[in-house]
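Chain residues, written in single-letter form:
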Amino acid sequence: MDTKLEQEFIVLLEGNQNILHKICKLYTVDLASHQDLFQEMVIQLWKSYPKFKGDSKFSTWAYRVSLNTAISLYRTKKSKITTVDWDNSLANIRYEEYNSEEEERLKFLYDAVRQLNDIDKALVYMYLEDKDYTEIAETLGISEVNARVKMNRIKNKIKEMVAKQSVA
Amino acid sequence: MEDLDFLKQHWKKDDDFPKVDREEIRRMLHRSSSSIVKWIFFISVLELLAGLALNFFLPGSGHEPGDPAIMIVLEDIFSVVFYVVVIYFIYMFFTSYTRIKNTNSTRELLGDILKTRKYVDQYIKFNVLYILGTGVVVTSFILYQESIERSKSGDMVFFLIAMIIFMALFMWLLIFVVRMYYKVLYRRLVKKLNKNYDELVKLEEEEIDS
């Protein structure tokens, strides 16, 4: 049927799959839910692909639909929220490049981000991807000023979490 | 270095993910979605149908021989109002459902999903009110007829009390069942959506307040 469209989509998605993996990394806590969310993102992307006109880059379009899937469409399966699962599963931090202090800090930061709410995670994702505030605001549907305010609050929240941890 | 900027440095280099190959992606395309929207859609359609089915079996949905004229007229008015409202809700539900697009901004998407669901909620509320309303009309009618037929007033008082207790129990049970149903099924489904939507509109409201 639409084999040409399908082929085209598969090639594009294969090349851009890290976008999906990275979002999954922030929104899920274990391998099973990572795969589950990845699957749902693929379906959602495919569903709206015929309307993708190429006004934006495939990667931009893909991360928006994927974030929407994580925030609005994905049904979180009942799984224990443990951070332990992550250390032994996929997407491990390649610690060999870091000294033990940096390694600890990274692990802690990833955990901290995973404890944020769904919207805050989306902001962090776009921040880590170097998106500007105009794009962040547009993606979420809020004003640019509010996107900035929110981002500052998140930074403070994480700072607090770090401070608390260093006391403990 | 700030925490998030430190994380960013690592994030950029992080590509240590298991590769999903083309064949796997192809298989994924043809699996069925388990998204919240899909669940909401199926549950809503079932609820719309249940509302219709329920009213079919209720008193006041058909004329009995010997019904007085006022009762027949009332029944007809009730039915017409009922179906007009049902058609309105079904229409609003489907049009807002088709507006849901995962390519919109997050806020629009969440808003559209919640709006679609809101129509079904209103529909259920309408159904409950309708059932209670018909219940009250039918009961008062029965009471009126009984009061003509029974001559002893003691008898009538007893009957009146029994009838009121029965109706109160029936209404309480109905509201209880609907509430439980909502708590168990529906709240769980849209809890996440409501939370995320509130998170997005909260800031805007703070601005207006200050």
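- Chain B goes by Beta-carotene 15,15'-monooxygenase in an unreviewed UniProt entry, where it is assigned to Sphingobacterium humi.

- Chain A is annotated in an unreviewed UniProt entry as Sigma-70 family RNA polymerase sigma factor of Sphingobacterium humi.
- In its Sequence similarities (unreviewed entry) section, UniProt records this for chain A: "Belongs to the sigma-70 factor family. ECF subfamily."

Regarding the overall build of chain A
Item 1. Each helix and strand counted, chain A has eight helices and zero strands in total.
Item 2. N-terminal to C-terminal, the α/β element order of chain A is α-α-α-α-α-α-α-α.
Item 3. Relative to its full complement of 168 residues, chain A shows a buried share of 53%.
Item 4. Just so you have it, chain A exposes about 8,000 Å², and 51% of that area is on carbon and sulfur atoms.

Regarding the overall build of chain B
Item 1. In terms of regular secondary structure, chain B is built from six helices and zero strands.
Item 2. Of the regular secondary structure in chain B, the N- to C-terminal order runs α-α-α-α-α-α.
Item 3. The burial tally for chain B puts 40% of its 210 residues in the buried class.
Item 4. Pairs at least 24 residues apart make up 75% of the contacts formed inside chain B by residues separated by at least 6 positions.

With respect to helix H5 (residues 100–115) of chain A
Item 1. Taking 1.5 Å of rise per residue, 16 residues should cover 22 Å, and H5(A) covers 23 Å from first to last C-alpha, within 8% of that figure.
Item 2. Within H5(A) the residues assigned to the buried category are A:Leu106, A:Phe108, A:Leu109, A:Tyr110, A:Ala112, A:Val113 and A:Arg114.

Regarding unusual backbone geometry
Most peptide bonds adopt trans geometry, and most residues besides glycine take a negative phi value.
Item 1. Notably, A:Asp130 is not glycine yet its phi reads approximately 65°, a positive angle.
Item 2. Tracing the backbone through its elements, the reader meets A:Asp130 in the loop between helix H6 (118–128) and helix H7 (133–140).

A word on the interface of chain A and chain B
Item 1. With 73 residues of chain A in contact, the opposing surface of chain B contributes 55 residues.
Item 2. Overall, the association of chain A and chain B removes approximately 6,200 Å² of surface from exposure, summing both partners, and the carbon and sulfur fraction of that is 56%.
Item 3. Considering only the surface of chain A that becomes buried against chain B, A:Lys22, A:Arg75 and A:Leu128 emerge as the three largest contributors, covering 10% of it.
Item 4. Summed over the shared surface of chain A and chain B, the result is 33 residue pairs in polar contact (both at pLDDT 80 or more).
Item 5. Residue assignment for the side of chain A that touches chain B shows that the elements contributing at least two residues are helix H1 (3–27), helix H2 (31–48), helix H3 (58–73), H5, H6, H7 and helix H8 (144–167) of chain A.
Item 6. If one sorts the elements of the side of chain A that touches chain B by residue count, H1(A) sits on top with 13 residues.
Item 7. Residue classes in the side of chain A that touches chain B are distributed as 35 nonpolar, 16 polar and 22 charged.

A word on the packing of helix H4 (residues 69–99) of chain B against helix H5 (residues 106–149) of chain B
All names here are of chain B.
Item 1. Direction vectors running N to C along H4 and H5 enclose 170°, while the axes themselves pass 8 Å from each other. Viewed along their axes, H4 and H5 adopt a mutual orientation that is roughly antiparallel.
Item 2. Taken together, the residues of the contact of H4 with H5 sort by class into 19 nonpolar, seven polar and three charged.

Description of the confidence of the model for chain B
Item 1. Summing up the model confidence of chain B, the mean pLDDT is 84 and the portion of residues at 70 or higher is 92%.
Item 2. Ranking the helices and strands of chain B by mean pLDDT puts helix H2 (residues 22–29) of chain B first, with 93, and helix H3 (residues 36–57) of chain B last, with 83.

Structural notes on the packing of aromatic side chains
Item 1. Inspection of the entire model under this criterion finds 28 aromatic pairs over all chains.
Item 2. On the basis of an interplanar angle of 35° and a centroid distance of 4.7 Å, the ring pair of A:Phe52 and A:Trp61 is categorised as tilted. Neither residue differs from the other here; A:Phe52 and A:Trp61 are each classed as buried.
Item 3. Relative to B:Tyr83, the ring of B:Phe82 lies with its centre 5.1 Å away and its plane at 80°, an arrangement referred to as edge-to-face.
Item 4. Residue B:Phe82 is classed as buried on the basis of its relative accessible area of 1%.
Item 5. Through successive ring pairs, a cluster of aromatic residues spans B:Phe78, B:Phe82, B:Tyr83, B:Tyr88, B:Phe89, B:Tyr123, B:Phe126 and B:Tyr130.
Item 6. The ring of B:Trp39 carries the charged tip of A:Arg75 above its face, separated from the ring centre by 4.7 Å.
Item 7. Over the aromatic face of A:Tyr127 sits the side chain of B:Lys8, whose NZ or CZ is 4.4 Å from the ring centroid.

Some details on the side chain of A:Lys155
Item 1. Mapped onto the elements, A:Lys155 comes out in helix H8.
Item 2. The residues touching A:Lys155, leaving out its near neighbours within four places in the chain, are A:Tyr127, B:Glu2 and B:Leu4.

Concerning H4(B)
Item 1. Here H4(B) is 31 residues long and its end C-alpha atoms lie 46 Å apart, about the 45 Å a rise of 1.5 Å per residue gives.
Item 2. Of the positions making up H4(B), those classed as buried are B:Met71, B:Glu75, B:Phe82, B:Val85, B:Val86, B:Phe89, B:Met92, B:Phe93 and B:Ser96.

What to know about the pattern of salt bridges
Opposite charge on two side chains lets them pair, provided their charged atoms get close.
Item 1. Scanning the entire structure with this criterion turns up 15 salt bridges over all chains.
Item 2. For B:Lys12, the salt bridge identified is with A:Asp130, shortest N-O distance 2.3 Å. One end of the pair, B:Lys12, is in helix H1 (residues 3–13); the other, A:Asp130, is in the loop between H6 and H7, on a second chain.
Item 3. Looking at B:Lys12, the relative accessible area reads 48%, which means it is partly exposed.
Item 4. Classification of A:Asp130 as partly exposed rests on a relative accessible area of 46%.
Item 5. The salt bridge involving B:Arg26 is made with B:Glu23; its shortest N-O contact spans 3.5 Å. Residue B:Arg26 and its partner B:Glu23 are both found in helix H2; the two are separated by three residues, about one turn of the helix.
Item 6. Classification of B:Arg26 by relative accessible area gives partly exposed; the value is 24%.
Item 7. On the basis of relative accessible area, B:Glu23 is assigned to the partly exposed category, the value being 42%.

Cut-off values and rules
Residues numbered from 1 in each chain as written. Chains lettered and ligands numbered in written order. Predicted model: local features only at pLDDT ≥ 70, side-chain atom pairs only at ≥ 80, totals over all residues. Heavy atoms only, no water. UniProt positions renumbered as here; feature names shortened; annotations may be inferred. Helix = DSSP H or I, 4+ residues; strand = E, 2+ residues; numbered from the N terminus. Buried < 20%, exposed > 50% of the residue type's maximum accessible area, 1.4 Å probe, protein only. Areas by Shrake-Rupley, 256 points an atom, 1.4 Å probe, with all protein chains shown as cover. Contact = heavy atoms within 4.5 Å. Expected span 1.5 Å × (residues − 1). Buried area = accessible area lost by both parts, 1.4 Å probe. Polar contact = N/O pair within 3.5 Å; in protein donor to acceptor, adjacent residues only side chain to side chain. Nonpolar A, V, L, I, M, F, W, Y, C, P; charged D, E, K, R; others polar. Axes fitted to C-alpha atoms, helices over the stretch in contact; angles between N-to-C directions. Parallel < 35°, antiparallel > 145°, perpendicular 65-115°, else oblique. pLDDT = per-residue confidence, 0-100. Phe/Tyr/Trp six-rings, centres within 6.5 Å; stacked < 30°, edge-to-face > 60°. Lys NZ or Arg CZ within 6 Å of the ring centre and 35° of its normal. Salt bridge = Lys/Arg side-chain N within 4 Å of Asp/Glu carboxyl O.

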